[in-house]
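Here's the letter readout for the chains.
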Amino acid sequence: MDIVLGLQWGDEGKGKFIDLISENYDITARFNGGANAGHSIERNGKRITLKSIPSGIFMKGVQNVIGTGVVLDPVSLKKEILNLQLFDESIQPENHLMISRKAHFVFPTHKLLDVFMERNPDYTTIGTTKNGIAQAYSNKILRQNLRVEDMFSPDFKSRSEQILKRDYRFLAGGDMVLPSLEEISSEFFEAVDFLKKFRCTDTEVYLNHALSEGRKVLAEGSQAVMLDIDHGTYPHVTSSSTTAAGACSGLGISPKKVGEIYGIAKAYCTRVGNGVFPTEIFNEDGGKIRTAGHEFGSNTGRPRRIGWLDLPALKYAVMVSGVTQLVLTKADILSGMKSVAICTHYQLEDGSMESVSGRLSENIKPVLKWLKGWDADVTAIKTASDLPDELKDFISFLESELGIPVAYLSTGPGREEILKMV
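Going by what an unreviewed UniProt entry lists, the protein chain is known as Adenylosuccinate synthetase and is assigned to Chryseobacterium indologenes.

### So, the overall build of the protein chain
On a plain count of helices and strands, the protein chain comes out with 12 helices and 19 strands. Radius of gyration (C-alpha) of the protein chain: 22 Å, near the 22 Å computed for a compact globule of 422 residues. Dimensions of the protein chain, computed from C-alpha atoms along their principal axes, come out at roughly 65 × 50 × 40 Å. Long-range contacts, defined here as pairs at least 24 residues apart, represent 75% of the contacts in the protein chain between residues at least 6 apart. Surface accessibility of the protein chain: about 17,800 Å² in total, with carbon and sulfur atoms responsible for 49%. Side-chain charges in the protein chain split into 48 positive and 53 negative, and the spacing between the mean points of these groups amounts to 3 Å.

### Let's talk about the domain arrangement of the protein chain
Considered domain by domain, the protein chain is made up of domain 1 (2–103 + 199–261), domain 2 (104–196) and domain 3 (265–420). Just the C-alpha atoms count here: the centres of domain 1 and domain 3 sit 24 Å apart. Contacts between the two partners involve 33 residues from domain 1 and, on the opposite side, 40 residues from domain 3. The junction of domain 1 with domain 3 conceals about 3,000 Å² of combined surface from both sides, 56% of it contributed by carbon and sulfur atoms. Counting the surface domain 1 buries against domain 3, the share from its top three residues, Leu7, Trp9 and Lys16, is 25%. The interface formed by domain 1 and domain 3 contains one salt bridge. With a shortest N-O distance of 3.2 Å, Arg304 and Asp11 are connected by a salt bridge. There are 16 residue pairs in polar contact (both at pLDDT 80 or more) connecting domain 1 and domain 3. Those elements that provide at least two residues to the side of domain 1 that touches domain 3 are α1 (14–21), β3 (39–43) and β4 (46–50).

### Structural notes on the side chain of Arg271
With respect to the secondary-structure elements, Arg271 resides in strand β12 (residues 268–271). Classification of Arg271 as buried rests on a relative accessible area of 1%. Within the local environment of Arg271, its side chain forms a polar contact with the backbone oxygen of His236, the two atoms lying 2.5 Å apart. Polar contacts involving the side chain of Arg271 include one to the main-chain carbonyl oxygen of Val276, which spans 2.7 Å. Filtering out sequence-adjacent residues up to four positions away, Arg271 remains in contact with Trp9, Leu227, Thr233, His236, Val276, Phe277, Arg304 and Arg305.

### Things to note about the sheet that holds strand β11 (residues 261–266)
Sheet architecture is open: 10 strands sit in the order β9-β7-β5-β2-β10-β1-β11-β14-β18-β19, paired in mixed fashion. The sheet terminates laterally at β9 (199–201) and β19 (418–420), the two strands that pair on one side only. On average, each strand axis in the sheet is inclined to that of its neighbour by 20°, with strand direction left out of account. In this sheet, strand β7 (residues 97–100) lies alongside strand β5 (residues 63–66) in parallel orientation, the contact comprising three bridges. Across the sheet, the residue bridging to Val65 is Met98, located in β7. Across the sheet, α1 touches β1 (2–6), β10 (217–220), β11, β14 (325–329), β18 (406–410) and β19, and the angle it forms with β1 is around 160°.

### Thoughts on the environment of Met226
Within the secondary structure layout, Met226 lies in the loop between β10 and α9 (244–251). When sequence neighbours within four positions are dropped, the list of residues in contact with Met226 reads Leu7, Gln8, Trp9, Gly232, Thr233, Val237, Ala313, Tyr316, Gly358 and Leu360.

### Quick look at the pattern of salt bridges
Under the definition given, this model contains 19 salt bridges. Among the ionic pairs, Lys266 bridges to Glu295, the shortest N-O distance being 2.9 Å. Of the two residues, Lys266 is situated in strand β11 and Glu295 in the loop between α10 (284–292) and β13 (305–310); the sequence distance between them amounts to 29 residues. By sharing partners, the salt bridges in this structure join Arg101, Lys102, Arg147, Glu149, Asp202 and Glu204 into a single network.

### Details of the packing of helix α2 (residues 74–87) against helix α7 (residues 181–195)
At a closest axis distance of 8 Å, the pairing of α2 and α7 adopts a crossing angle of 55°. Taken as axis vectors, α2 and α7 run oblique relative to one another. In this structure, α2 meets α7 at a crossing whose hand is left-handed. Judged by residue contacts, Pro74, Val75, Leu77, Lys78, Lys79, Ile81 and Leu82 of α2 engage Glu187, Phe188, Glu190, Ala191, Val192, Phe194 and Leu195 from α7. Taken together, the residues of the contact of α2 with α7 break down into 10 nonpolar, no polar and four charged.

What counts as what
Residues numbered from 1 in each chain as written. Predicted model: local features only at pLDDT ≥ 70, side-chain atom pairs only at ≥ 80, totals over all residues. Heavy atoms only, no water. Helix = DSSP H or I, 4+ residues; strand = E, 2+ residues; numbered from the N terminus. Rg over C-alpha atoms; globule rule 2.2 N^0.38 Å. Contact = heavy atoms within 4.5 Å. Areas by Shrake-Rupley, 256 points an atom, 1.4 Å probe, with all protein chains shown as cover. Lys, Arg positive; Asp, Glu negative; His and termini not counted. Charge placed at Lys NZ, Arg CZ, Asp CG, Glu CD. Domains from an automatic or database assignment. Buried area = accessible area lost by both parts, 1.4 Å probe. Salt bridge = Lys/Arg side-chain N within 4 Å of Asp/Glu carboxyl O. Polar contact = N/O pair within 3.5 Å; in protein donor to acceptor, adjacent residues only side chain to side chain. Buried < 20%, exposed > 50% of the residue type's maximum accessible area, 1.4 Å probe, protein only. Pairing = 2+ DSSP bridges. Axes fitted to C-alpha atoms, helices over the stretch in contact; angles between N-to-C directions. Parallel < 35°, antiparallel > 145°, perpendicular 65-115°, else oblique. Left-handed = near helix turned anticlockwise from the far one by under 90°. Nonpolar A, V, L, I, M, F, W, Y, C, P; charged D, E, K, R; others polar.

Spelled out as structure tokens, the structure:
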């Protein structure tokens, strides 16, 4: 099994890379998260964002798995499937998508609880996407949730209604304007019925049998390492494990069966919502990069915060996930800048320097190394040898600092605009 991870704070371009290489695999499997993030893919001049469906869905003959570590919103998934079929009528998700029986449901009241907690001063505001992901995971840990396999039980509706009514009573005690319980319940149960036509099975057994038969599996992560619930910039993180270890636990596959671990990173950094962001750019360079890179959330539309490439955080992400190959994206967005910066160290409050860190705080200062920029239409370049020398120097510096090769370089938004470097 090979793994694809984001190494920063998300939005690195995982969907494009997975779409590119998934033709080399028999199975693509999503191992974490929910509909709180999107993988944007361009095909035939059109763009689509996949939220829960693995990015290999466009490849004929590739089976796609929503694994146990995912929390599944039936309403969102139904809309995503219908939108996918409008985007490409040749795709038949019911034949190429299977769902773990053990994946947990996101209930419509989970979304409302997200909104409630974001507005209530008694709770920490973290900038959630309000898709109910944290609520589903927390109820999973409390053993108060229902799983995909439960929808086939005769008492599923009554058990679901118990959860919905319990949450709704709590919410009704606040000052929120709520939709009717009947309306959100009806939409939820209709979506659940829609999902019953898909194959729901013990995906960990299916995946392990496939690996033992020599079939190739690509594990796809949502969000990114610096948003990991344990190793990210807590509390402004996601609610699942986003590391390579999370792929193993989320899919039920032994670490012994892991091969390549592809880490995706932008040539700069972005972040959506609140949280520590040491290299954030506050001058006009940040605005220029945001505009040129179309840096707005694929799921929320929110403008992303922009920062220079953060090497200490990137080293940390590479370390905790054992990344073997780096995929560098959006270097083309920096084209035309006279100089570009890389944060090489953090200066701590006591004056000491740190070059590898997941221990970020508001009080650290980035130490920037400025490199000469490149002024070339990178999107037109078809071979690595033709890259501008300044970009080659940028890549070489990253390779020497990280100790892993830059195996791929994305040169533009198009599916084919990517160079294999090694």
